[in-house]
Amino acid sequence: MLLDVDLVPHLVESSVQLHRLRHSLGPGADIMPAIDPPWELAELTDRYGGEADRALRAHRLGRAFLRQGEVELARRHADETLSAATEEQRPDGFLLLGAVALAQGDGDGARAHFSQAIDAYDSAGNLDARAATEHNLGVVSSLAGDAEGAAVRFAAAATRLPPVLDWSVTQVLNPGSSSVTRPIGAAGLPLLMKAGAEWSHLPTAAGAPRQLLTLTTGDGALVIDLAAGAAELESTVLKPRVTETVAERLIIDLADRDLFTATLAHVRGFALPMALGDTYHALGRYDLADRYFRAAASYRYLNQAIELPVVWARLARTYVAEGDRHYRQQDTTAATAAYERVVRVVDGGFELVGPLYEGAFEPLAEETLELLKAPDPLTFDAVDYARRIVVLQALSSLQQIANSINYLGIPDDVIPIHPWRYLQNQARYFAGQAIQAERAYLTFKGTAEKEAFTRLALEQAVAAQKSAVKVEQKKLEVAEEQERVARASRKLAEDRIQRANESWEDYAAVAEQTAFYDEMSAFYAAPEGGVHVDPDHAQKLGIQLTHVHERYTGLFGSSDFYYVKDVAKSDLFRTMNRSRSKLTRELELRNLDRKISDLGGELEVAKGQVSSAVKGKQAAQAQLKLAELHARQAGAQLAAFQDQELTPELWDRLAEAQREISQRYLNWAIGAAFLMERAYEFEYDTTANRICTRPY
C-alpha cells in the first residue's frame, strides 16, 4: 500500500525542514514536514499503531512542531492529544497546550493550562510531574517579568532555589535519576515536558533556522534559498532532472549527507524502488520486482530520456525471466502470458499491451513497435541495446512456443542426424565446460567479495583517519591553550618579581624616613631628666656612657669619686626608637628578599611550564601533521583502489557473466543429452525417457 502513496511533497518539505532546523534544534530532535500526512499513511498509523498510542503520537508530533515554530500545527496535535488521551494522559495534554499558548504569547492561557495540569497531577498523586509543572509556571512568571512570583514557583519545584533570578536553579529532569542546573532567565529556562515515561526540554525560544543551502553537484555548486520552502528545492534540484539528457548529471552522490537529505524524495521515489526491484529479481520474486519497478516508473521526477527506458528494460527483463522460468518448467501457457506482457504476436503483426505500455511507459510503445517492424531489429539504433535484446528474447521465445520447440530450442519430435555416442561425448563436454564456468563464477564472486571488503576497510580507514585528525586538532587546541596559560603564568610571575623589587626599594626608602621621624618624635616627646643605664644595656642599645672622675677636698683630705653619668631620657628614647626601627626595617627587608627569592623560583617553574607547553604544542602539531598525512594516505589508497580497473563491481559483473556462460553450457549439455537419448531410441527402436529437460 505504501508504494501507491505519493510522499514526494512530504519528503521535499522534510528535506527543507531538516536543512533549516537540524542545526538549531540539535541532532536528536524530531523534525516534521509542516504539512498534513497523506490520509493513507495516517490510516496505516492508526491501524497498526493502536488507539492507545494515539495520544502519545499526537503529543510527540505536537512537541516536534512546537520546537520548529509551527505553532498552529502544534495546537492541532495538542487538541488531538486531549481528545484521545486517557485520564492518566490528560495532564500531559494540558502541559502541551500551555507550551503552545506560551509560544503564542498568551501568558494567561499558558498559566491556566499549567494550573489544570497541576490539579490533574495532584489528583493522580504524581508529585514529580507537579514539580515540573510548577517549574513551567515559574518560567511563565519569569518571562512576564514577575520575579517574585517566579521565585515562589521555583521554590515549590526545585530542591534548592535561591529566590533571586540571577542565580541558578537545580531542577529534577528525570525524577530520581538526574538533575540539571541552568541559569535563570528567558534564554536559560526551557519548559519541562512529560509524555508517558519520557521527560524532555522544550525551549521557550527556538534558534535561528538555516537560510541557505549549498549543494555540490557535477555542474558545480547549487545555492538554495531554504526560506522559499519546498518550491525552491523542487525547481532547483528535482524538476531539472526530468529533461536532462546527460547521464552523468543524473548521478547523485548519496554519501554526501547534504545531497542525500536534499533528495529524500528521489531516494524514496526512484533509488530505493530500483534497488529493491533488482534485489527481488535476483531472488526470483518477480511479482515483487514487478511492483517496485512500476513504482519507480510512477516517480514524478523520473528522467524521460535516460531513466525511463532503464526502468522499462528492467521491468521487461523481469517479465522475460518469469516467462523463462515457466518455459523451463514446460508450463507454456504461463510462459506465453509472461512473454506477451513484452510483445504479443497477432495475425499480421504485433500488439503491445500491458503495464509496459501504459502510464509513464506509453511514450515508448511507438518506438518499440517500430523496432519490431524494422527489417533488421538488431541494428535498429532508435532503441537502446538493452531494450532491443529483451524484446527480441521475448519474441524468440514466443515463436519457439508457437512452433512446439522447447526452451532448449529443440522440437520434441526431432530425429538427430548424429549417432548417440557422439552426442553423449558432446553432452559430457558441455557439462564439463558448465562446471568450469561455475567454478570461475565462484572464484570471481569470491574475489568480488574480497575486493568489496577491501573497499569497506579502506573507507573505514579514511573515516577513522578523519576522526583522528579531528582528535589531534582538539589536542592541538588544548596544547595551545596550555601554552597561553603557561605564558600568562610566566608573565604574572615576572610582574610579581618586578613589583616585589619595587616594593623592596620603596620600603627601604620609606622605612629610613619613618625611622628618622620616629626618632625625632621620641626625642621631643621624652620627659626631662636623666636615667641610669646599665652598661650591658647601653652596649646593646649602642649608647656611649660617660664616665666621670671628680676629686673632692674636705677637712679630712681629698677624695676621688668615679661614676657613670646619667643618660638623658630624650637620648635614651631616641636611641631606642632608632634601634627598634633598624631591626624592624632589616627584618622586613629580609622578608622581602625571601619573597623575591620565592617568586624567582615560581618564575623558573613558570618558564619550565612554558617550555613544556611549547614542546607539547610542537608534539601536538607533529601529531596533527602525522594524522593529516595518514588521512591523506588513506584517502589516496581508497582513490587508487577506486581507480583500479578490476573493481568489486567489475569482478561481480564478471562473475555474473560466468554464471550466464555456465547456464548456457548447461543448457547445451542438456540439449545434447536430449538429442543423444532421441538418437539412442531411434537407433535401438526403444524408449529410454531418462533425460529431464527441466533442470529446476
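See the structure above.
Everything quoted here is computed from the prediction, not taken from an experiment. (Residues numbered from 1 in each chain as written. Predicted model: local features only at pLDDT ≥ 70, side-chain atom pairs only at ≥ 80, totals over all residues. Heavy atoms only, no water.)

*Asks:* Could you clarify how one ought to interpret the overall build of the protein chain in this entry?
*Replies:* Within the protein chain, the regular secondary structure consists of 20 helices and 12 strands. The buried share among the 696 residues of the protein chain stands at 38%. Across the protein chain, every contact between residues at least 6 apart in sequence was considered, and the portion connecting residues at least 24 apart equals 62%. Accessible surface computed for the protein chain: about 39,500 Å², of which carbon and sulfur atoms make up 53%. (Helix = DSSP H or I, 4+ residues; strand = E, 2+ residues; numbered from the N terminus. Buried < 20%, exposed > 50% of the residue type's maximum accessible area, 1.4 Å probe, protein only. Contact = heavy atoms within 4.5 Å. Areas by Shrake-Rupley, 256 points an atom, 1.4 Å probe, with all protein chains shown as cover.)

*Asks:* How should the pattern of salt bridges be read in this particular structure?
*Replies:* One side chain can pair with another of opposite charge once the charged atoms of both are near each other. For the structure on display, the rule yields 27 salt bridges. The salt bridge involving D290 is made with R294; its shortest N-O contact spans 3.5 Å. Here D290 pairs with R294, and both are found in helix α12 (residues 286–297), just four residues apart, close to one helical turn. Its relative accessible area of 11% is what places D290 among the buried residues. When the shortest N-O distance is used, the salt bridge between E681 and R678 registers 3.9 Å. (Salt bridge = Lys/Arg side-chain N within 4 Å of Asp/Glu carboxyl O.)

*Asks:* What exactly am I supposed to notice about α12 here?
*Replies:* What sets the pattern is the α-helix's 3.6 residues per turn: residues three or four places apart point alike. For α12, spanning 12 residues, the distance from its first C-alpha to its last is 16 Å, which sits close to the expected 16 Å at 1.5 Å a residue. Burial within α12 is extensive, with nine of its 12 residues counted as buried. All of the buried residues along α12 are Y286, L288, A289, D290, Y292, F293, A295, A296 and A297. Buried residues belonging to α12 abut α11 (264–282) and α13 (307–328). (Expected span 1.5 Å × (residues − 1).)

*Asks:* How should I be thinking about the packing of helix α7 (residues 127–143) against helix α8 (residues 147–157) in this particular structure?
*Replies:* Between two packed helices, the angle of one axis relative to the other and the distance separating the axes together describe the packing. In contact at an axis separation of 8 Å, α7 and α8 are set at 165 degrees when each is read in the N-to-C sense. As summarised for this structure, α7 and α8 are arranged roughly antiparallel, according to the angle between their axes. Of the two possible hands of crossing, α7 and α8 adopt the one that is left-handed. Touching A131, E134, H135, L137, G138, V139, S141 and S142 of α7 are G149, A150, R153, F154, A156 and A157, all from α8. Residues of the contact of α7 with α8, tallied by class, amount to seven nonpolar, five polar and two charged. (Axes fitted to C-alpha atoms, helices over the stretch in contact; angles between N-to-C directions. Parallel < 35°, antiparallel > 145°, perpendicular 65-115°, else oblique. Left-handed = near helix turned anticlockwise from the far one by under 90°. Nonpolar A, V, L, I, M, F, W, Y, C, P; charged D, E, K, R; others polar.)

*Asks:* Before we go on, may I ask you to explain helix α16 (residues 385–402) in this structure?
*Replies:* Helix length check: α16, at 18 residues, gives a terminal C-alpha distance of 26 Å against a target of 26 Å (1.5 Å per residue), a fit within 8%. Buried within α16 we find R387, R388, V390, V391, A394, L395, S397, L398 and I401. On the buried face of α16, the contacting elements are α13, α14 (332–339), β7 (344–346), β8 (349–351) and α15 (365–373). For α16, the capping residue at the N-terminal end is D384, with a side-chain oxygen 3.3 Å from the backbone nitrogen of A386. Backbone geometry just downstream of α16 places S404 in the positive-phi region, at approximately 55 degrees. (Polar contact = N/O pair within 3.5 Å; in protein donor to acceptor, adjacent residues only side chain to side chain.)

*Asks:* What should I look at first to understand unusual backbone geometry in this one?
*Replies:* Most peptide bonds adopt trans geometry, and most residues besides glycine take a negative phi value. The backbone of S404 shows a phi angle near 55 degrees, a positive value even though the residue is not glycine. Structurally, S404 is set in the loop between α16 and α17 (420–525). One non-glycine residue, D685, lies in positive phi territory at about 50 degrees. Counting through the fold element by element, D685 comes out in the segment after α20 (648–684).

*Asks:* Explanation requested: the environment of A103 in the structure shown.
*Replies:* The topology assignment puts A103 in helix α5 (residues 90–103). The exposure class assigned to A103 is partly exposed, which follows from its relative accessible area of 44%. Along the backbone, A103 and E70 are 33 residues apart, and their C-alpha atoms lie at a distance of 9.7 Å. With near-sequence residues (within four places) excluded, A103 lies in contact with L66 and V71.

Remember, this is a structural readout, not a statement about activity or role.
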